[in-house]
Amino acid sequence: TGAIGLYNLGQSCCLNSLLQVFLMNIHFTGILRRITVPPCAVQRRKNVPYQMLLLLEEMQYGKCKAVRPVELACCLSAHRVELFVQHDAAQLFLQLWNLIKKQMKKLELAEDLSDLYTICIQEHLACQNCSFETMSNSSMLTLPLPVLDSNSHRLKTLEHCLKYFFYPEKLTGQNMCFCQLCGRKTPFLQSTKLVHLPQTLTIHLKRFCFEKSSNTRKLSHYLPFPQDLDFNAVLAENQCQADDKEKVTWQYGLFAVVAHLGSTSHGHYCAYIRSLTECKWYCFNDSEVCQVSWDDVKCTYGHSNLHW
């Protein structure tokens, strides 16, 4: 029936935007359709994947331009997701994803969900006085990219943000680490290397900074991102810890942008999403949905005088 909106239940624009990104991803909905339906009504009301599936079906088979995600919102509230408050999209995305995975009763579905979204990295710490080095592997749901460098200078493009995120950092002065071989605190080199990227990669632009007054300020400066991104062309060889077979998959096409207008204390979210079945861009602004162009999506690059 075409793209369907979600009515705002009261400051739920962030939740609506994220739900649209999840439900427009055919790889995610393919997992969602294979869940086990909880046996009793009480369990069904509290099961996030099941309530998302019901919402998806209502959106796909309904005849209205928008639906109200009331049952899903009540379900999330039962799991301590606050309603009627201003949310940060990255934090709410993490909350939703964790709830969905936790309630996937089939182990293979939980694994499929992890494969679809989870990023694997390797963190290195190397003493600059001797050969001592430690390595640890960890996983992430999003790549949290800074938009300013250590001198508070603006990074100009998404590619610059990626390079900076994986650029080694020298730990000196008060940041020195204890070296087991040297027996004292020494300068270290800290670096992050990319090991594995998922099928659906989520990037979080950290558009905020902390001021001396303890206030948080939003950074709305212009920062362009491409429609297609090849990590092999962006990152250097020493920033990756993966074989050639893995690196072949590191090519991405932009699927969705969750955009925020306003300050750190108030504002509004909407989502620009490219339909994977139609290859058309749509703007999901709560209950209003319209087809847009790539030039419209570029409004989310940010600018003090530019509004979408």
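Going by the structure above, here's the rest.
Everything quoted here is computed from the prediction, not taken from an experiment.

A look at the environment of C283
- Here C283 shows up in strand 17 (residues 281–285).
- Taking the C-alpha atoms as reference points, C283 and L235, separated by 48 residues in sequence, lie 31 Å from one another.
- Not counting the four nearest positions on each side in its chain, C283 is found in contact with C270, A271, Y272, E288, V289, C290 and V292.

Some points on the side chain of T200
- With respect to the helices and strands, T200 occurs in the loop between strand 9 (188–196) and strand 10 (203–206).
- For T200, a relative accessible area of 12% puts it in the buried group.
- Within polar-contact distance, the side chain of T200 engages the side chain of N25 at 3.1 Å.
- Those residues in contact with T200 that lie beyond four places of it in its chain are N25, L116 and Y117.

Considering empty space enclosed by the protein
- Scanning the entire structure with this criterion turns up one cavity of 30 Å³ or more.
- The space that makes up the largest cavity amounts to roughly 40 Å³.
- Surrounding the largest cavity, Q11, C13, C14, V85, Q86, H87 and Y269 form its lining.
- For the lining of the largest cavity, the per-class residue count stands at four nonpolar, three polar and no charged.

Details of the packing of aromatic side chains
- The final tally for this structure, using the stated rule, is twelve aromatic pairs.
- Consider the rings of F22 and F28, whose centres lie 4.9 Å apart with planes at 45°: the pair is tilted.
- Take F28: its relative accessible area is 0%, and that puts it in the buried class.
- Look at F225 and W294: their rings are 6.4 Å apart centre to centre, the planes differ by 75°, and that puts the pair in the edge-to-face class. You can see F225 sitting in the loop between strand 12 (216–218) and strand 13 (228–230) and its partner W294 sitting in helix 11 (residues 294–297), a full 69 residues away along the chain. Across the pair, exposure class does not vary: F225 and W294 are buried alike.
- Among the aromatic residues, ring-to-ring pairing joins Y222, F225, W281, W294 and Y301 into one connected group.
- Lying over the aromatic face of Y7, R68 brings its terminal NZ or CZ to 4.2 Å of the ring centre.

Side note on the pairing of strand 18 (residues 288–292)
- Pairing of strand 17 with strand 18, which is carried by five bridges, proceeds in the antiparallel orientation. Each bridged residue has a counterpart across the sheet, and for Y282 the counterpart in strand 18 is Q291.
- What sits between the antiparallel neighbours strand 17 and strand 18 is a turn of two residues, in which D286 has the positive phi angle 55°.

Description of the pattern of salt bridges
- Going through the model one piece at a time under the given rule, you end up with four salt bridges.
- Note that K247 and E237 form a salt bridge whose closest N and O atoms lie 3.0 Å from each other. With K247 in helix 10 (residues 244–247) and E237 in the loop between helix 9 (231–234) and helix 10, this pair connects stretches of sequence that are ten residues apart.
- Among the residues examined, K247 registers a relative accessible area of 9% and is labelled buried.
- When the shortest N-O distance is used, the salt bridge between K298 and D295 registers 3.2 Å.

Considerations on the packing of helix 1 (residues 13–23) against helix 6 (residues 89–102)
- Viewed as axis vectors pointing N to C, helix 1 and helix 6 meet at an angle of 55°, and their least axial separation amounts to 10 Å. Here helix 1 is positioned oblique relative to helix 6, judged by the angle of their axes. Crossing hand, helix 1 versus helix 6: right-handed. Across the interface between the two elements, C14, L15, L18 and F22 of helix 1 pack against A89, L92, F93, L96, W97 and I100 of helix 6.
- Taken together, the residues that form the contact of helix 1 with helix 6 break down as ten nonpolar, no polar and no charged.

Comments concerning the packing of helix 1 against helix 4 (residues 48–61)
- Between helix 1 and helix 4, the shortest axis-to-axis distance is 11 Å and the interhelical angle comes to 80°. On the basis of their axis angle, the class for helix 1 and helix 4 is roughly perpendicular. Residue-level contacts link L19, Q20, F22 and L23 of helix 1 to M52, L55, L56 and M59 of helix 4.
- Residue composition of the contact of helix 1 with helix 4, by class: seven nonpolar, one polar and no charged.

Focus: the sheet that holds strand 16 (residues 267–274)
- Reading across from one edge, 15-16-17-18 is the order of the four strands in this open sheet, with antiparallel pairing throughout. In the strand order of this sheet, the two ends are held by strand 15 (256–262) and strand 18, each with one partner. Within this sheet the neighbouring strands show an average axis-to-axis angle of 20°, counted without direction.

What counts, and where the lines are drawn
- The written sequence of each chain sets the order in which its residues are numbered from 1.
- For this predicted model, a pLDDT threshold of at least 70 governs which residues receive local features, and a threshold of 80 or more governs which side-chain atom pairs are given and counted, while totals over whole chains, interfaces and linings are taken from all residues.
- Remark: hydrogens and water are excluded; side-chain values derive from all non-hydrogen atoms of the structure.
- Where helices and strands are cited, they refer to DSSP runs of H or I of at least four residues and of E of at least two residues respectively, numbered from the N terminus.
- The contact criterion used is simple: two residues touch if any of their non-hydrogen atoms lie within 4.5 Å.
- With a 1.4 Å probe rolled over the protein chains alone, any residue whose accessible area is under 20% of its type maximum counts as buried; one over 50% counts as exposed, and the rest are partly exposed.
- Contacts described as polar in this section are N or O atom pairs within 3.5 Å, which, within protein, must combine one atom able to donate a hydrogen with one able to accept it, while residues neighboring in sequence count only if both atoms come from side chains.
- Of the grid points, spaced at 1 Å and generated over the protein atoms alone, those admitting a 1.4 Å probe that cannot get out make up cavities, while open sets with protein on both sides within 12 Å along at least five of seven lines make up pockets; any residue with an atom within 4 Å of a point is treated as lining.
- Grid points are joined across faces, edges and corners, and a volume is the space filled by probe spheres set on the points.
- In this count, Pro and Cys sit with the nonpolar residues alongside Ala, Val, Leu, Ile, Met, Phe, Trp and Tyr, while Asp, Glu, Lys and Arg are called charged and the others, Gly among them, polar.
- Working definition: a ring pair exists when centres of Phe, Tyr or Trp rings (six-membered ring for Trp) sit within 6.5 Å. Plane angles under 30 degrees give stacked, over 60 give edge-to-face, the rest tilted.
- By definition here, charges over rings are those cases where NZ of Lys or CZ of Arg is within 6 Å of the ring centre and within 35 degrees of the ring normal.
- At least two bridges found by DSSP between two strands are what make those strands a pair.
- We define a salt bridge as a contact between a side-chain nitrogen of Lys or Arg and a carboxyl oxygen of Asp or Glu at a distance within 4 Å.
- The convention used is that axes are lines fitted to C-alpha atoms, helices contributing only their stretch in contact, and that angles between N-to-C directions extend from 0 to 180 degrees.
- Just so you know how the angles are binned, under 35 degrees is roughly parallel, over 145 roughly antiparallel, 65 to 115 roughly perpendicular, and the rest oblique.
- Handedness of a crossing is defined here by the sense of rotation of the near helix relative to the far one, left-handed for an anticlockwise turn of less than a right angle and right-handed for a clockwise turn.

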